[in-house]
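Breakdown of the fold
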Amino acid sequence: MKVLVPIKRVVDYNVKVRVKADNTGVDLANVKMAMNPFCEIAVEEAVRLKEKGVVTEIVAVSIGPKTAQEQLRTAMALGADRSILVETDEDVQPLGIAKALKAIVDEEKPELVILGKQAIDGDNNQTGQMLAALTGMPQGTFASEVDVADGKVKVTREIDGGLQTVELNLPAVVTTDLRLNEPRYASLPNIMKAKKKPLDTKTAADLGVDLTPRVTTVSVEAPAERQAGIIVGSVDELVEKLKNEAKVI
Amino acid sequence: MSVLVYAEHDNAALNKVTLSVVAAAKEIGGDITVLVAGKGCGAVAEEAAKIDGVSKVLCADNDAYEHQLAENIGDLVAEVGADYSHILAAATTTGKNFAPRAAALLDVAQISEISDVVDSDTFKRPIYAGNAIATVKCGDAKKVITVRGTSFDGVAAEGGSASVESLDVVKDAGISSFVGEELAKSDRPELTSAEIVISGGRGMGNGENFEILYKLADKLGAGVGASRAAVDAGFVPNDMQVGQTGKIVAPNLYVAVGISGAIQHLAGMKDSKVIVAINKDEEAPIFQVADYGLVADLFDAVPELDGKL
Ligand SMILES: Cc1cc2nc3c(=O)[nH]c(=O)nc-3n(C[C@H](O)[C@H](O)[C@H](O)COP(=O)(O)OP(=O)(O)OC[C@H]3O[C@@H](n4cnc5c(N)ncnc54)[C@H](O)[C@@H]3O)c2cc1C
Ligand SMILES: Nc1ncnc2c1ncn2[C@@H]1O[C@H](COP(=O)(O)O)[C@@H](O)[C@H]1O
């Protein structure tokens, strides 16, 4: 069976972004970019399913700027067989991305689409669910365990109260949580091999979808900074401060 | 304007976060209707009818809604929501699961985890793990929104007297089914609504050592949380994770024990009123956000603190 893995190019998770002085956004000039960590987990899961013999082909896809080729190459170095870049310089948003992904699903007909649960730039946590709605597929979001068998997929989900297991008909959408797996590193030979794997480039027009943003950013501000606190010298001092100064206990 | 608020509950009782969602709805303005979908959820609907400011409660009581499966709830909300200008749900794992689905069915954007209402189509929301706050304006005719509970003070649970209407719309997509669940059982206050939260990190060393935190928490009536490193290491279950991709908490007092203070952790707790950090490394970034820092070995400091309270 074929798996589609949508991946997003985002700022590296170690970077503490700064808001631009003119409040139009965050400063991404000269900042390290990487594959969204949840997407790495999605790729890893697809690769593990292939190693188990459940999956025969992994197609990575990204909607974004030309530079997102780097992340698609990384996905192929990690084990994706080929990839598709829907090139756009638009500020892409979940609904538009989900529509583009639906067009690709219609062409590729995967049995499983594995996405990250959330992109760590916009923190939206929407795309997988929207894609599932548009394609009429069931969804297993925030997955910490995925088990494909007998034309169904069983997904254990991380929910606020603990864990929930659901069973979904295939084709289905799964979104990954952090504990689903620990992604491997790409080996040098695999990075070299990935350079020769096919990478198709398309446009939104090719897919017949409209990526125009529905939500506009009016301004972006830095969050309120916390006042620097003090270092207390002892547990006694801490108790005294909490009781008499902060009055929280 | 008319706002549909999706009630969060376990079929028996309303989750308090719904009161915060109603508070956000009030800021948007217009009539507020609460949708209660579940199985055997009549008592929840009665409870919702008493919420201050609610004018109507719709109760969809059916087997198909028992486990809040997103396929069924998404369809239901998209259909019922057609009559409203705004659809609001809590930014919980339930809300995050079905709201984008409903929005896509309605062909509108979804706005995640708002922390402020500017006007009826403009909202604030944290992005980049809370390192920036975006003000966003949605041009769509209908707004589907999830609300960060800790950013809105809940309205009063009593005082209203809305009518309860039962809804016989049955949406059963038949493509997914509930298999089972393992819910954490605890007598301690729920993390997102606790007045005091004590969290442990990798520095705790193992799961047994969390006992010293539980003991202290019980003395203070606190909830207990954890960093992702502590969850990953298997010290504690996932529902205790605080952070960008875990739970968002904003208690009066947050005590971080053996937690370094990675940005992803700070994203989940830096709106707490008072932050205390106990860490043996004086360079730990957590001290940059702590009101009171104690540089000490937690295995000495926590029992001592417990003894002195
Ligand atoms: C996509 C993504 C999402 C993430 N989401 C989250 C999230 O939601 N929440 C989250 O917490 N993390 C999250 N993380 C992980 C985050 O980056 C950090 O790795 C994690 O928060 C570190 O946890 P920690 O502080 O417990 O561990 P460490 O960073 O290892 O810190 C342990 C601390 O304990 C101290 N210590 C050790 N022994 C003692 C002792 N005896 N006494 C006192 N102090 C001691 C050490 O000095 C150190 O500061 C995420 C990461 C990624 C990539
Ligand atoms: N531009 C994009 N291209 C491909 N996949 C994306 C894109 N944006 C989001 N996704 C996928 O959707 C997931 C959730 O993103 P979001 O809904 O933006 O939080 C990501 O982890 C990706 O798997």
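Anything mentioned here points back to the structure above.
Below is a summary of the structure that appears in this document. Predicted model only: the values in this text are computed from it and were never measured. (Residues numbered from 1 in each chain as written. Chains lettered and ligands numbered in written order. Predicted model: local features only at pLDDT ≥ 70, side-chain atom pairs only at ≥ 80, totals over all residues. Heavy atoms only, no water.)

A short note on the overall build of chain A
The cut-off we apply is this: Going along the chain from the N terminus, every DSSP run of H or I of four or more residues is numbered as a helix, and every run of E of two or more is numbered as a strand. With a 1.4 Å probe rolled over the protein chains alone, any residue whose accessible area is under 20% of its type maximum counts as buried; one over 50% counts as exposed, and the rest are partly exposed. What makes two residues a contact is simply this: any of their non-hydrogen atoms within 4.5 Å. Only the protein chains shown count as covering a residue, and every accessible area follows the Shrake-Rupley method with a 1.4 Å probe. Here the positive residues are Lys and Arg and the negative ones are Asp and Glu; neither His nor the chain ends is included. One atom stands in for each charge, and that atom is NZ of Lys, CZ of Arg, CG of Asp or CD of Glu.
Summing up its helical and strand segments, chain A has seven helices and 13 strands in all. Structurally, chain A occupies a C-alpha span of about 65 × 45 × 40 Å along its principal axes. Per-residue burial for chain A yields a buried fraction of 55% across its 249 residues. Within chain A, residue pairs in contact and separated by at least 24 positions form 70% of the contacts whose partners lie at least 6 positions apart. Looking at chain A as shown, the accessible area adds up to about 10,800 Å², and 49% of this sits on carbon and sulfur atoms. For chain A, the distance from the average site of its 32 positive side-chain charges to the average site of its 37 negative ones is 3 Å.

A look at helix H2 (residues 42-49) of chain B
All names here are of chain B. Basically, it comes down to this: This arc corresponds to the set of directions leading from the helix axis out to the C-beta atoms.
Looking at H2, one finds that the buried residues are Val44, Ala45, Ala48 and Ala49. Down the axis of H2, the buried set is contained in an arc of 140 degrees. They therefore lie on one face. Those residues of H2 that are buried lie in contact with strand E2 (31-38), strand E3 (56-61) and strand E10 (163-166).

A word on the interface of chain A and chain B
One frequent convention defines the size of an interface as the accessible area lost when the parts assemble. Selection criterion: What counts as buried area is the accessible surface, traced by a 1.4 Å probe, that two parts surrender upon association, with contributions from both included. A pair is scored as a salt bridge if a Lys or Arg side-chain nitrogen falls within 4 Å of a carboxyl oxygen belonging to Asp or Glu. Charged residues are taken to be Asp, Glu, Lys and Arg, nonpolar residues to be Ala, Val, Leu, Ile, Met, Phe, Trp, Tyr, Cys and Pro, and polar residues to be all remaining types, Gly included. Any two strands with at least two DSSP-identified bridges between them are counted as paired.
Each partner contributes residues to the interface: chain A has 75 residues there, and chain B has 82 residues. A combined buried area of about 6,500 Å² lies between chain A and chain B, and 54% of that area is made up of carbon and sulfur atoms. Between the two partners, chain A and chain B, sit seven salt bridges. Close ionic contact of A:Arg214 with B:Asp140 constitutes a salt bridge, the shortest N to O distance being 3.0 Å. Of the residues assigned to the side of chain A that touches chain B, the class counts are 37 nonpolar, 20 polar and 18 charged. Relative to strand E8 (residues 132-138) of chain B, strand E12 (residues 215-221) of chain A runs antiparallel, the two sharing six bridges.

Section: the pattern of salt bridges
When charged atoms on two side chains of opposite charge get close, those side chains can pair. Overall, the coordinates contain 36 salt bridges over all chains when judged by the stated rule. Note that A:Arg226 and B:Asp291 form a salt bridge whose closest N and O atoms lie 2.8 Å from each other. Highlighted residues: A:Arg226 in the loop between E12 and strand E13 (230-232) and B:Asp291 in the loop between strand E15 (274-279) and strand E16 (292-295), drawn from two different chains. Across the pair, B:Asp291 and A:Arg226 agree in class, each one buried. Close ionic contact of B:Lys56 with B:Glu165 constitutes a salt bridge, the shortest N to O distance being 3.8 Å. One end of the pair, B:Lys56, is in strand E3; the other, B:Glu165, is in strand E10, and 109 residues separate them in sequence. Among the charged side chains, a salt-bridge network with shared partners connects A:Lys2, A:Glu57, A:Arg82 and A:Glu108.

What to know about the site of ligand 1
Formally: A molecule or strand has a residue near it when one of that residue's heavy atoms lies within 4 Å. For this analysis, a polar contact is any N or O atom pair within 3.5 Å, provided that within protein one partner can donate a hydrogen and the other can accept it, and provided that sequence-adjacent residues contribute only side-chain to side-chain pairs.
Neighbouring ligand 1 are 29 residues; B:Arg202, B:Ser227, B:Ser260, B:Gln264 and B:Asn279 lie closest to it. Flanking ligand 1 are residues from chains A and B. Between B:Gln264 and ligand 1, the recorded distance is 2.8 Å, taken from a side-chain N or O atom to an oxygen atom. The backbone of B:Leu298 places a nitrogen or oxygen atom 2.8 Å from a nitrogen atom of ligand 1. A total of 990 Å² of accessible area belongs to ligand 1 in isolation, and the protein chains cover 86% of it. Of all elements in the fold, only helix H1 (37-51) of chain A together with helix H6 (228-232), helix H7 (263-266) and helix H8 (298-308) of chain B reach the threshold of two or more residues within the shell around ligand 1. Residues of the shell around ligand 1, tallied by class, amount to 11 nonpolar, 13 polar and five charged.

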